[in-house]
Amino acid sequence: MSARCAMCQNALPEPATRAYCSNACRQRAYRQRMAHATAKLADRLVSNLPAERDSFIGRQQELITVDRLRRKHRLITLTGSAGAGKTRLAVAAASRADRTDTDRVLLVELGAVTDEHLIEQTVAAAAGLVEHSDESIMETIVATLRTMRVLVVVDNCEHVLESCAKLADTLLSQCPGLRILATSREPLRITGEVTVRVDGLATGQDTSVNALRRMESVRLFVERAKEMVPEFRLPAAETHAVAALCTRLDGIPLAIELAAKWVPVLPVSEICARLDSRFDLLVLGGRTRPNRQRSLWEAIDWSYQLLATSEQRALRRLSVFTGGFDLDAAAAACGTDADTTLNMISRLQAKSLLTPIGRTRFRMLESIRLYAMRRLTEADEATLAFDALTTWLTELVSAFVSRPMSVPRAVHRQTTKQVESWRVACEWTASSGDPRHLAMAIGLAVAEANLGFIADARKVLRNALTDGTQEYRCTAMDRAAWFAGFQGEFAEALGYAEQSLAIAKELADPALITNCLTTLACVQQMAGELDLALAHRTECVRMVRELRQPHAAATCLVHLAWSHQLDGDHVRAHALASESLAICREIDSTTRTSEALNVLGAIALRRNDIDAAERAFNEVLASGPKYPHNLPNAIEGLAVAAVMRGDHERALQLYDQARPMRRATGVIGDPYWQKMVADALDQVPYTSNSNNE
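Note that the structure is predicted; figures quoted are calculated from it, not measured.

Caption draft 1: Molecular detail of empty space enclosed by the protein. Counting across every chain of the model gives four cavities of 30 Å³ or more. Of the pockets and cavities examined, the largest cavity occupies roughly 50 Å³. Every residue along the wall of the largest cavity is listed here: Ser81, Ala82, Ile252, Leu296, Ile300, Leu365, Ser367 and Ile368. Of all the secondary structure elements, the ones that give two or more residues to the lining of the largest cavity are helix H13 (296–305) and helix H17 (366–378).

So, in structure tokens, the structure goes:
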């Protein structure tokens, strides 16, 4: 069979030494091969993204979010604190682009750019472009990218933010197929921008070993530890220690990776123990990394140096808060008015140095706070910041000293909200020997008690009672008496109550005397001294009517009503409790209203008026009171009513709801009320399904 041309299939002359019959066929074949090669190349995305050299851990939800937004929006900015992993996430997200909507992915790294005028040259270099004499470099960039479907990843914009914003605005306006994925510690703030906050990896401790091992932060630590020690395995005994380490580092990938580099020389427990000196510990970043990523200190310092002087000062001052803070507390620590403070908080949050908690509170990641605290100490401002906060809190707590039975609800709410600020100030005044320590302890104890942590409130006061002026010692002992009585420590409560009353009489302050006498009467009643309690409560009502303080009157009236109830005078008790309830509704005091309703409900039970009792207790539940003993009292009252109706199953269910509430707060409740509840529940026959024993 004769040989034929590979192109046209015509017969070749013998002997066949060529594949083509002519130069024309040879050229056509060459063009076909080139076209085919070009087509195969076009199937691949053109990209200058770096190849991965270690595993990318977690962030699956963030990748899905970025991928979804990328298809709908042309400018996405990943924002987050130092070391949060914005660059790694951006590169991972960009690598998922495909030819359905993207021809090219272009990574522009700005971390090393110190001159804003060099940004355009950096973009051109990343795109492989050179400047032409007849047009500007920006015109060359636009002309090249205008007809392309290109995803531009602009990394580390925060230090050249204005120029980045202008660049993005120009490219998006003149290149319709172009999209930008930027990383920055604050947004670019141009039209069409969508921001995605990049927080730390998931952390946690209160879960099983297997669940912890699957947690992203723990997985990252293990993977990076294996790079240092290939045979590394995370034993079950150390899993919680690794989880605790990741939690203390707020799940920040850079910090976790730096911590993992110590695995060859330190056990995990020792690494965790050294985190108080984390800036000396976390310094083993790779040699090829930018300076800002070689240590945790340099990563945060990069952000700090970009702040205005006023922003640096605010960040330093806010480092006094070990937990969350709101605008009022921040203004106190910073020594600025509310508007100025709000502006500073907004700017620091935008720069990823503050993290929002809900809608009105903020916090610093622990590493950022420790950095700012060191800067605060270096600036010799620590005493000023703590003193300013303590002064503001002293003004807040003064209402509990000057008018203890008539503290406005707004002051109670603010006191409870500032529980973390009280802790900060209490710790500082104790360590510095500041004479306002007892005032801070009172504020913290009130906040803890309002949140239901009576035992913690008692401990705070017990450790501070030897400090302070007579007025504050009187208030502190009075509160200590209340809290001890709530938890059944009647001997201790009587001692504190008698001491506080003696101080009040020395001070000759009618408001303090009435308050301390009320406390003493309550403790006496709970301790079984019913006649003394009735006499003292009668005196309190007489005194409080002269003081013309409705809050105090409402309290004293309902306490006297309870004493008459215990004395068997249900008519007098009902009249006094009803008078108290009317005052409570007038002054709009939810806590006092609930207390009065509970007493009226108990009186109704004694009078066998089950309907009235249930109405009173249900109103307490509907109001959602926050004081620790009102809710369980109302639920127990409904349980007694259920027993009286013969609904034993409901009675047991209600009682079982109330018991954990009392255990959680440590409040045992009034012993006479508890006996009334126990006597009622004793009528319920025991069954194998009963949870009541």
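Still to come is the rest of the account.
Caption draft 2: Highlighting helix H2 (residues 60–70). All buried positions along H2 are accounted for by Leu63, Thr65, Val66, Asp67, Leu69 and Arg70. Of the surrounding elements, those touching the buried residues of H2 are strand S2 (75–79), helix H3 (86–95), strand S4 (150–155), strand S5 (178–184) and strand S6 (193–197).

Caption draft 3: View of unusual backbone geometry. Even without being glycine, Arg59 reaches a positive phi, approximately 65 degrees. Within the fold, Arg59 resides in the loop between strand S1 (46–47) and H2. In this model, Asp380 sits at a positive phi of 60 degrees, which is unusual for a non-glycine residue. With a relative accessible area of 67%, Asp380 lands in the exposed category.

Caption draft 4: Region of the structure containing the pattern of salt bridges. Evaluation of the coordinates by the stated rule reveals 39 salt bridges. Through salt bridges with shared partners, a single network forms among Asp54, Arg88, Arg224, Glu227 and Glu257.

Caption draft 5: Representation of the sheet that holds strand S7 (residues 325–326) within the structure. Strand order in the open sheet formed by three strands is S7-S9-S8, with antiparallel pairing between adjacent strands. Two strands bound the open sheet, and with one partner strand each, they are S7 and strand S8 (355–357). Pairing between S8 and strand S9 (residues 361–363): three bridges, direction antiparallel. Within the sheet, the bridge partner assigned to Thr355 lies in S9 and is Arg363.

Caption draft 6: Main features of the packing of helix H23 (residues 470–486) against helix H25 (residues 510–526). The N-to-C vectors of H23 and H25 enclose an angle of 20 degrees; their axes lie 10 Å apart at closest approach. Relative to H25, H23 is oriented roughly parallel. The element H23 and its partner H25 pack so that their crossing is left-handed. Across the interface between the two elements, Cys474, Thr475, Asp478, Ala481, Trp482, Gly485 and Phe486 from H23 touch Leu512, Asn515, Cys516, Thr519, Cys522, Val523 and Met526 from H25. Tallied by class, the residues present in the contact of H23 with H25 amount to nine nonpolar, four polar and one charged.

Caption draft 7: Just the nonpolar core, in detail. In this structure, Phe221, Leu245, Leu318, Val320, Phe325 and Phe483 are the most contacted members of the largest nonpolar core, which totals 175 residues. Beyond its immediate sequence surroundings of up to four residues, Leu318 is in contact with Phe325, Ala330, Cys334, Leu348, Leu354 and Met364. Counting 34 residues, the second largest nonpolar core, distinct from the first, contains Val113, Val142, Leu145 and Ala182.

Caption draft 8: Expanded view of the side chain of Asn156. Along the chain, Asn156 falls in the loop between S4 and helix H6 (161–174). Residue classification places Asn156 among the buried positions, given a relative accessible area of 6%. A polar contact is formed between the side chain of Asn156 and the side chain of Asp155, at a distance of 3.2 Å.

Caption draft 9: Fine view of the sheet that holds S5. One open sheet accounts for six strands, arranged S1-S3-S4-S5-S2-S6; its pairing is parallel. Each edge of the sheet is formed by a strand with only one pairing partner; in this case those strands are S1 and S6. In this sheet, S6 lies alongside S2 in parallel orientation, the contact comprising five bridges. Bridge assignment links Thr77 to a residue of S6, and that residue is Thr195. Relative to the sheet, H2 contacts S2, S4, S5 and S6, its axis offset from that of S2 by approximately 155 degrees.

Caption draft 10: Here's a closer look at the packing of aromatic side chains. All chains considered together, the criterion is met by seven aromatic pairs. Each ring, one from Tyr304 and one from Tyr371, has its centre 5.4 Å from the other, and the planes form 65 degrees; the classification is edge-to-face. With Tyr304 in helix H13 and Tyr371 in helix H17, the pair connects residues that are 67 residues apart, well separated along the chain. The same class applies to Tyr304 as to Tyr371, namely buried. Among the aromatic residues, those joined into a ring-pair cluster are Trp297, Tyr304 and Tyr371.

Caption draft 11: Up close: the pairing of S5. Within S5, seven of the seven residues are buried, leaving the element largely enclosed by the surrounding structure. One ladder, built from five bridges, connects S4 with S5; its direction is parallel. Bridged to Val152 within S5 is Ile180. On the question of chirality, the crossover connecting S4 to the parallel S5 by way of H6 is right-handed.

Reading guide: rules and limits
For every chain, the first residue of the written sequence is number 1, and numbering continues from 1 along that sequence. In keeping with the predicted nature of the model, local features appear solely for residues at pLDDT of at least 70, side-chain atom pairs appear and are counted solely at 80 or more, and the whole-chain, interface and lining totals rest on all residues. Calculated side-chain values reflect all of the structure's heavy atoms, with hydrogen atoms and water omitted. The method works on a 1 Å grid over the protein atoms by themselves. A cavity is a set of points holding a 1.4 Å probe that cannot get out, a pocket is an open set with protein on both sides within 12 Å along at least five of seven lines, and residues with an atom within 4 Å of a point line them. Grid points are joined across faces, edges and corners, and a volume is the space filled by probe spheres set on the points. Under the scheme used here, helices are H or I runs from DSSP no shorter than 4 residues and strands are E runs no shorter than 2 residues, and both carry numbers assigned from the N terminus. Buried, partly exposed and exposed residues are distinguished by accessible area as a fraction of the type maximum, computed with a 1.4 Å probe on protein chains only: under 20%, between the cut-offs, and over 50%, respectively. Any two residues having at least one pair of non-hydrogen atoms within 4.5 Å are treated as being in contact. By salt bridge we mean one thing: a side-chain nitrogen of Lys or Arg within 4 Å of a carboxyl oxygen of Asp or Glu. Note on pairing: two strands pair once DSSP finds at least 2 bridges between them. Here an angle of 0 to 180 degrees is reported between the N-to-C directions of two axes, which are lines fitted to C-alpha atoms, with helices fitted over the stretch in contact. Should an angle fall under 35 degrees it is taken as roughly parallel, and over 145 as roughly antiparallel, whereas 65 to 115 is taken as roughly perpendicular and any remaining angle as oblique. Two helices cross in a left-handed way if the nearer one is turned anticlockwise from the farther one by less than a right angle. They cross in a right-handed way if the turn is clockwise. Just so you know the grouping, Ala, Val, Leu, Ile, Met, Phe, Trp, Tyr, Cys and Pro go in nonpolar, Asp, Glu, Lys and Arg go in charged, and all remaining residues, Gly too, go in polar. Throughout this description, the term nonpolar core refers to a set of buried Ala, Val, Leu, Ile, Met, Phe, Trp, Tyr and Cys residues connected via side-chain atoms within 4.5 Å. Polar contacts, as counted here, are pairs of nitrogen or oxygen atoms within 3.5 Å of one another; within protein the pair requires one atom able to donate a hydrogen and one able to accept it, and residues that are adjacent in sequence qualify only if both atoms are side-chain atoms. Here a pair means two rings of Phe, Tyr or Trp (six-membered ring of Trp) with centres within 6.5 Å. Their orientation is stacked below 30 degrees between planes, edge-to-face above 60, and tilted elsewhere. With the strands pointing away from the viewer, any crossover whose connection runs clockwise from the first strand over the helix to the second is right-handed.

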